[in-house]
Amino acid sequence: MQHYPLLFQPLDLGFITLRNRVLMGSMHIGLEEQKGGFAQLAQFYAERAKGGVGLIVTGGIAPNRAGWVSPFSARMKPSLVAKHQLITQAVHAEGGRICMQILHAGRYGYHPLAVAPMAVKSPISKFKPWKLSKRGVKKTIRDFVRSAELAQKANYDGVEVMGSEGYLINEFIAPYTNQRTDEWGGSMENRFRFPLEIVRQIREKVGRNFIIIYRLSMLDLVKNGSNWDEVVLLAKAIEKAGATIINTGVGWHEARIPTIATLVPQGGFSWITARMKGEVNIPLITSNRINTPEVAEDILQRGDADMVSMARPFLADADFCRKAMENRADEINTCIACNQACLDHIFKQKPATCLVNPRAAKETIYNITLAQKKKTVAIIGAGMAGLSSAISAADRGHTVHLFEKSDTIGGQFRMAAKVPGKADFKETIRYFSRQLELKGVQLHLKTTLSAEAFIAKNFDEIVVATGVKPRQLSIPGIDHPKVLSYPEVLNGAKVGHSVAIIGAGGIGFDMAAFLTEKGGEQSFEAFAKTWGVDMSYQERGAIAKPNPSPATREVFLLQRSEGKLGRKLGKTTGWIHRRLLKFKKVNMIGGVVYEKIDDAGLHISVKGVRKILSVDQIVICAGQVSENTLFENLHKQLGDKIHLIGGAKLAGELDAQRAIREGFEIGLRL
Ligand code: NAP
Ligand code: SF4
């Protein structure tokens, strides 16, 4: 029996039939601009096609230089057709279908050549765009059309015209960014002319048998964005202009409402696509925070959309569709929407990969082959680094024993899963747990052995992944009963009404959220109320005043360094954490000197001014140190035969991304 009957139903587009209802949404990978990048991309997309996805959309390709997202980013030109053919050939060879996305960054272009309907800077770019002249507008349309023609020459099955997220086309549509007085601005008809001309002229050039997906901003989530009537009228006009499918865009990049982070309830934005159903006759795709086949199937069963788009889930697992189709969904490596290795990398001008799948977009670099000599391997510690190394060592045919002192696997990640909005982290633990079973890794829980005992077992290789322990502080009174460590709190220690948190790194921020939120699963309606999404669409842009629930505790979040707290949090999620704590009125204080702890509370001074925070508890989130005593003992006796990875190797700046990658890599080297 097929568990996801609608998800795997073919979609007949008249001239072409997609094998199922799953779209791999557009993601910029950062290989597009690199030497040899097209060959790598071809392998990346081919593996996803082999994994059974219905239709792939490439990362955004600019139609001209002004449309670059950043200097020298990918753009379509005749000399690149042959390179794009590497991608299309590889995907077609695996029975897949692929469209090229045409994206003009408009005023989000991070370079001095950026253009827009108006010469007005966006709040997220330091470059003021040039106002497109009337001639410039017409030339830009021609460049879109030429890119589509070249995409057709490169054997793509179609194009996606990026009309959402606040990029150029969206800027023409919304009154917020388009107050032109010529035929390209002002009235609704004038504001719509740019996207409609693009779609109409592309259709004219490419003929009938070529997919045109139009990504329509159904929710701008910015002031003076489109209103719902306009969105519907535009959708109808886009259909008439020749689009084959309409995809859902949610939120401009400058919107202060999270749209894809872990705390967005799964599949929560499909209501907006559902609202469009019945207004047009072409298929509708919905998107955002869809990361399991169950969520995707539910959306289709409710009739919210005809197809679902998932982007990051295909970084996390190339075989998402195949596993779901074969009723092996419990084997899917689920995207946890952390953004740490994908979007955050792109913002740092590094190629994207995936925190839970270090092989993503490195398929030509990491080849998993059977080891020439089969070994017996001991891995000590079943946190992220240990789990990842156990799986990759087992994949290479080794016999793997995984030792863990606690009664469960997952280490620090298991704790993170308790933080509000991070419940998806449990999926990674479920994935590893299932892989251990499938790959025959012998798991020894509640097992603490001495170095001598390990040596006596004569393993061919020993990998130490014993992780980290909280840093011990030497503040006078640190042993006071008011003081708790963060693991104690996450594991259920009783906490009073007012709390001071020492340390404002990722864990301090998580702790502040944990202590001020009610916890439990959040409905989309509650999320919308907190962040100010106007689900009744009374206002242009569908934004309302944020209305968060009050904090459950009074919290002080402290750090010794001067300046804004949370500066080191991820580029794409840090602002969300900071805003959430502002909603909860958390007192964030930098430049703190910790003086002592006693019955009165935490004594601090800030800029020489002393104060007592009369709190019930003080929670220490002051970073970690390596837990590597066992390694040192083993190393003394066996020398460099012992491998050390993850937090046990280096606690500073430890994150799950490095732990999983190091584990994966060591497995490949054994
Ligand atoms: P961290 O980011 O290194 O932060 C440690 C905090 O403790 C800092 O605020 C530091 O600030 C303070 N601190 C350090 N030494 C101290 C001392 N001796 N006395 C008092 N305060 C001290 O470490 P973390 O918060 O434990 O996080 C560990 C890792 O987990 C991070 O690197 C991060 O990658 C990952 N993580 C990420 C997220 C996320 O949202 N992306 C969430 C959780 C964890 P001062 O030195 O200024 O006082
Ligand atoms: Fe998903 Fe995080 Fe991987 Fe990005 S890095 S694909 S958000 S799991």
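Residues numbered from 1 in each chain as written. Chains lettered and ligands numbered in written order. Predicted model: local features only at pLDDT ≥ 70, side-chain atom pairs only at ≥ 80, totals over all residues. Heavy atoms only, no water.

Caption draft 1: Structural context of the environment of aspartate 655. Within the secondary structure, aspartate 655 is located in the loop between strand E27 (642-644) and helix H21 (656-669). Exposure remark for aspartate 655: the relative accessible area of 28% places this residue in the partly exposed category. Expressed as a C-alpha distance, the spacing of aspartate 655 and alanine 526, which sit 129 residues apart in the sequence, is 30 Å. For aspartate 655, the side chain forms a polar contact with the main-chain nitrogen of arginine 658, separated by 3.0 Å. (Helix = DSSP H or I, 4+ residues; strand = E, 2+ residues; numbered from the N terminus. Buried < 20%, exposed > 50% of the residue type's maximum accessible area, 1.4 Å probe, protein only. Polar contact = N/O pair within 3.5 Å; in protein donor to acceptor, adjacent residues only side chain to side chain.)

Caption draft 2: Seen up close, the sheet that holds strand E20 (residues 554-558). With respect to topology, five strands assemble into an open sheet ordered E18-E25-E19-E20-E21, the strand pairing being parallel. Because the sheet does not close on itself, it has two edges, and the strands there are strand E18 (483-485) and strand E21 (587-589). Direction aside, neighbouring strands of the sheet carry axes that sit 20 degrees apart on average. The pairing of E20 with E21 spans three bridges and is classified as parallel. Following the sheet pairing, leucine 558 is matched in E21 by isoleucine 589. (Pairing = 2+ DSSP bridges. Axes fitted to C-alpha atoms, helices over the stretch in contact; angles between N-to-C directions.)

Caption draft 3: Examining unusual backbone geometry more closely. If you check the backbone angles, asparagine 224 has positive phi at about 60 degrees while not being a glycine. Within the secondary structure, asparagine 224 sits in the loop between strand E9 (211-219) and helix H6 (228-241). Judged by relative accessible area, which is 36%, asparagine 224 ranks as partly exposed.

Caption draft 4: Just the site of ligand 2, in detail. The environment of ligand 2 is made up of Arg312, Leu315, Cys335, Ile336, Ala337, Cys338, Asn339, Ala341, Cys342, Cys354 and Leu355. More than half of the atoms belonging to ligand 2 lie within 2 Å of the grid points that define the largest cavity. A class-by-class count of the residues in the shell around ligand 2 yields nine nonpolar, one polar and one charged. (Near = heavy atom within 4 Å. 1 Å grid on protein atoms, 1.4 Å probe; cavity = no way out; pocket = protein on both sides within 12 Å on 5 of 7 lines; lining within 4 Å. Sits in = over half its atoms within 2 Å of the grid points. Nonpolar A, V, L, I, M, F, W, Y, C, P; charged D, E, K, R; others polar.)

Caption draft 5: Representation of the site of ligand 1 within the structure. The environment of ligand 1 is made up of 23 residues, and the closest members are Ala504, Ile507, Arg560, Ser561 and Gln624. Note that an oxygen atom of ligand 1 is positioned 3.2 Å from one of the backbone N or O atoms of glycine 506. Serine 561 places a polar side-chain atom, nitrogen or oxygen, 2.2 Å from an oxygen atom of ligand 1. Protein coverage of the free-state accessible area of ligand 1, which is 890 Å², stands at 76%. Sort the elements by how many residues they give to the shell around ligand 1 and helix H17 (residues 506-516) lands first, with three residues. (Areas by Shrake-Rupley, 256 points an atom, 1.4 Å probe, with all protein chains shown as cover.)

Caption draft 6: Quick peek at the domain arrangement of the chain. Here the chain is described as being made up of domain 1 (11-347), domain 2 (376-466 + 654-669) and domain 3 (472-517 + 552-622). Placing a centre on the C-alpha atoms of domain 1 and another on those of domain 3 gives a separation of 41 Å. Of the residues lining the interface, 11 residues belong to domain 1; the matching set on domain 3 comes to eight residues. Taking both sides of the interface into account, the surface hidden between domain 1 and domain 3 amounts to around 770 Å²; carbon and sulfur atoms contribute 69%. Inspection of the domain 1/domain 3 interface yields zero salt bridges. Where domain 1 packs against domain 3, one counts four residue pairs in polar contact (both at pLDDT 80 or more). A breakdown of the residues in the side of domain 1 that touches domain 3 according to their chemical character gives eight nonpolar, one polar and two charged. (Domains from an automatic or database assignment. Contact = heavy atoms within 4.5 Å. Buried area = accessible area lost by both parts, 1.4 Å probe. Salt bridge = Lys/Arg side-chain N within 4 Å of Asp/Glu carboxyl O.)

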